[in-house]
Structures are given as C-alpha cells and as structure tokens.
Amino acid sequence: MDISALKSRRYDINKLVEAAQEANGTTQKDNNRDENLWKPTVDKAGNGYAVIRFLPSDQEVPWVRYWDHGFKGPTGKWYIEKSLTSLGEQDPLGEYNSKLWNSGNEEDREQVRKQKRRLHYVTNILVVSDPSASENEGKVFKYQFGKKIFDKIQDLMQPQFPGETPVDPFDLWNGADFQLKIRNVEGYRNYDRSEFKESTPLHDGDEVQLQAVVNQLHDINEYVDPANYKSYDELKSKLNEVLGETAPRTIKEEVALDNDTPPWDPAPQTAEAAGDEGDDDAMSFFQKLANAD
C-alpha cells in the first residue's frame, strides 16, 4: 500500500465514529505464539507502560472485532473457542447461555457469567516506546485489546466536551500517540489511566519513514475469516464434551424438533448475558490454565 493513497483518501472520521458505535452496540491460530502479535510487558507488581501508535489500513475501518469463550466445565475440560457470533451466525454456547439467562434462576445466571463471551479488537500498531522490551520499538505489530481501550479511541474521535476537536488516532499525519498505562487493581489489569497525547504527525510526516511503516502492516482479517472458525456442529460437540452429556439442547435443535418455534436471533441477547468484557489478555490466561492441567 502506497502512503500517497492514504494521504489523499484519509478516513472519514464520521464513518469511523459510526463504525465504532456499531461495534460497541451490538487458520485457527494460536495467538499466544504469534510473533507478530504485540503484548505489553508488566513487572512483578502487574504494572506496565508503553507508547504505541494506531495505524491505518486499506480496508473500510482499521480494526476487526471478534468474540471468544474460555472456561472450564464441570467435566474438568476446557472450552476455548471463537464465537460464531463474530461472523453474525448462531453459536451453540451463545444460545445455551441465553436459555440459562432467560430462566431467571440466579444459579443459571451465575453459570452464564462464568462462560460468557469476551470481546476483542485487533488492529495494527507501531511500537513507539517499550521500556521493558526495547527490541520492539520502531516495529509494526498486530495488537489485540478490549472495550476499555476501544472506548478511549472512540472518545478521541467523538469528544464529549465543547472545544475539543475530533481526532482520528489511526491517521499518519493528524493522529496521536497512545500512552498505555497498566496497573494491577485487585488482581486484574486496569487501563483507566491510559491516554492519548497531543495530535502530531508520525515521524514528523517524513514520507520515506511513513512508507516504511506502511510496508510492515499485517493482515488482521484472519480473526474474522470463516475458515478459521469451527462449524456450529463442531462447537456443539465440543460444548457437550465440556459440559457433559446432560447439556440441554440449543435453540437451533429445538427449532428442528418443533417447527412452530420461532427461529432464534442471536442479536438481542442481554449485555450481561452476552458478557462483552474487554479483557485483552483473558484468553491468554485461560490458555495457560488449560495447558497447566
């Protein structure tokens, strides 16, 4: 991709805001071993710091979004899978969780909380400063993050207070560096103090250096490529294995048995039942637990 095309095209920030609002509203690769996936380093206390720059792409929006699940069932087996809801399709665990939630039973709802889906965004970044891993500085990586950081991106594009100018953080010329500040709060990573710096051109607008950055961009569409997702039946089989043979039928199976039952629409799940948390390293944590068993 040539930066001249980016300079002339730029993102329409209104379209980015619209896409961000939509994202907030509604090869099965082992990402833990992906050398192109950057993860911030934290110290023994769980604190960390880095400066990154979000980068554009040649697609409609410069990020992709997907959901996954990670939990240990009563059988002692783990369920760590991407959710088909990422592709706008029915997902057996999503259906099962909705049935449990709608039962009104608090024990069922507690089970939903334990096995709810988790929200992830992926985009390209330039690592500007990484004090704990200086070898990453100046390189382009894929970066996976959650809702809290995405909200900060959206707030920059759509400021809430008078006098604040909308900024496209993905723009090479008018974007802004992002200070990632990680704290350990009650045993969990907290990103509340992370913030954008003033808007400045990347590499002072030097087009040779900018082109070098653009040449390093990675393909992020693998996270929403149907080829990298298991089928509904495969996921249902895995779910039964993890939950045990007594796992209830999903809505899809009940529809097959009762033609009078209305087709299931996965979209109107409650936010709490869907479990759209923004823990960017949750699946890494679950994978480590599963590997330790």
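On a predicted model such as this, the values are computed, not experimentally measured, just so you know.

Rules of the game
Residues numbered from 1 in each chain as written. Predicted model: local features only at pLDDT ≥ 70, side-chain atom pairs only at ≥ 80, totals over all residues. Heavy atoms only, no water. Helix = DSSP H or I, 4+ residues; strand = E, 2+ residues; numbered from the N terminus. Buried < 20%, exposed > 50% of the residue type's maximum accessible area, 1.4 Å probe, protein only. Areas by Shrake-Rupley, 256 points an atom, 1.4 Å probe, with all protein chains shown as cover. Phe/Tyr/Trp six-rings, centres within 6.5 Å; stacked < 30°, edge-to-face > 60°. Polar contact = N/O pair within 3.5 Å; in protein donor to acceptor, adjacent residues only side chain to side chain. Core = buried A, V, L, I, M, F, W, Y, C linked by side-chain atoms within 4.5 Å. Contact = heavy atoms within 4.5 Å. Arc of directions from axis to C-beta. Pairing = 2+ DSSP bridges. pLDDT = per-residue confidence, 0-100. Axes fitted to C-alpha atoms, helices over the stretch in contact; angles between N-to-C directions. Parallel < 35°, antiparallel > 145°, perpendicular 65-115°, else oblique. Left-handed = near helix turned anticlockwise from the far one by under 90°. Nonpolar A, V, L, I, M, F, W, Y, C, P; charged D, E, K, R; others polar.

A word on the overall build of the protein
When its secondary structure is counted, the protein shows ten helices and nine strands. Across the 293 residues that make up the protein, the buried fraction comes to 45%. Put simply, the protein shows about 15100 Å² of open surface, and 47% of that area lies on carbon and sulfur atoms.

A closer look at the packing of aromatic side chains
Geometry of an aromatic ring pair is reported as the spacing of the ring centres plus the angle between the planes. In total, this model carries 13 aromatic pairs according to the counting rule given. Taking the centre distance of 5.7 Å and the plane angle of 50 degrees together, the rings of Phe54 and Phe178 count as tilted. Of this pair, Phe54 sits in strand β2 (residues 48-54) while Phe178 sits in strand β7 (residues 176-185), and the two are 124 residues apart along the sequence. Per residue, the accessibility class of Phe54 equals that of Phe178, and both read buried. Measuring from centroid to centroid gives 4.6 Å for Phe178 and Phe196, while their planes differ by 50 degrees, and the two rings are tilted. Residue Phe178 is located in strand β7, and its partner Phe196 is located in strand β9 (residues 195-199); the two are separated by 18 residues in the primary sequence.

Brief notes about helix α3 (residues 92-102)
In terms of residue burial, α3 counts as a mostly covered element, since nine of its eleven residues are buried. Within the sequence span of α3, burial applies to Pro92, Leu93, Gly94, Glu95, Tyr96, Asn97, Ser98, Leu100 and Trp101. For α3, the side-chain oxygen to backbone nitrogen distance between the N-cap and Leu93 is 3.1 Å, and the N-cap itself is Asp91. Gly104, located one to two residues past α3, shows a positive phi value of around 80 degrees.

A closer look at the nonpolar core
By size, the foremost hydrophobic cluster in this structure holds 33 residues, and its most contacted members are Trp38, Phe54, Trp63 and Tyr143. Contributions of two or more residues to this core are made by α2 (13-25), β2, β3 (63-72), β5 (118-129), β6 (140-145), α5 (147-157) and β7. The contacts of Phe54, once residues within four sequence positions are left out, are Thr123, Asn124, Ile125, Tyr143, Phe145, Ile149, Ile153, Pro169, Phe170, Phe178 and Phe196. Core analysis: the second largest hydrophobic core is formed by 20 residues, Val64, Phe71, Trp101 and Ile220 among them.

Some words on unusual backbone geometry
Here the phi dihedral of Glu186 falls at roughly 55 degrees; this positive angle occurs in a residue that is not glycine. Within the secondary structure layout, Glu186 lies in the loop between β7 and β8 (188-190). A residue is classified by how much of its surface remains accessible, and Glu186, at 76% relative accessible area, is exposed. Positive phi, close to 55 degrees, is recorded for His203, a residue that is not glycine.

Side note on α5
Along α5, the residues that are buried comprise Ile149, Phe150, Ile153, Gln154, Leu156 and Met157. Axial view of α5: buried residues confined to an arc of 160 degrees, hence all on one face.

A short note on the pairing of β3
Across the ten residues that make up β3, a large majority, eight, are buried. Sheet analysis places β3 next to β5, joined by six bridges and oriented antiparallel. When the bridges of β5 are listed, Trp63 appears paired with Thr123. Alignment of β3 against strand β4 (residues 78-82), held across five bridges, turns out to be antiparallel. When the sheet's bridge partners are listed, Phe71 is paired in β4 with Tyr79. From the end of β3 to the start of β4, which pair antiparallel, there are five residues, and Gly76 there has a positive phi angle of about 90 degrees.

Focus on the confidence of the model for the protein
If pLDDT is low for a region, its predicted coordinates should not be looked at in detail. Summary statistics for the protein give a mean pLDDT of 84 and a share of 77% for residues scoring 70 or more. Contacts of residues 26-32 to residues separated by more than four positions or lying in other chains number 17 contacts, the stretch itself having pLDDT below 50. This model gives residues 282-286 a pLDDT under 50, and the stretch forms twelve contacts once residues within four places in sequence are excluded.

Overview of the packing of α3 against helix α4 (residues 106-114)
Put simply, α3 and α4 touch, their axes get as near as 7 Å, and they point 150 degrees apart. The angle between α3 and α4 places the two elements in the roughly antiparallel class. Two packed elements cross with a definite hand, and for α3 against α4 that hand is left-handed. Here Tyr96, Asn97, Leu100 and Trp101 of α3 come into contact with α4, specifically with Asp108, Arg109, Gln111, Val112 and Arg113. The residue makeup of the contact of α3 with α4, split by class, is four nonpolar, two polar and three charged.

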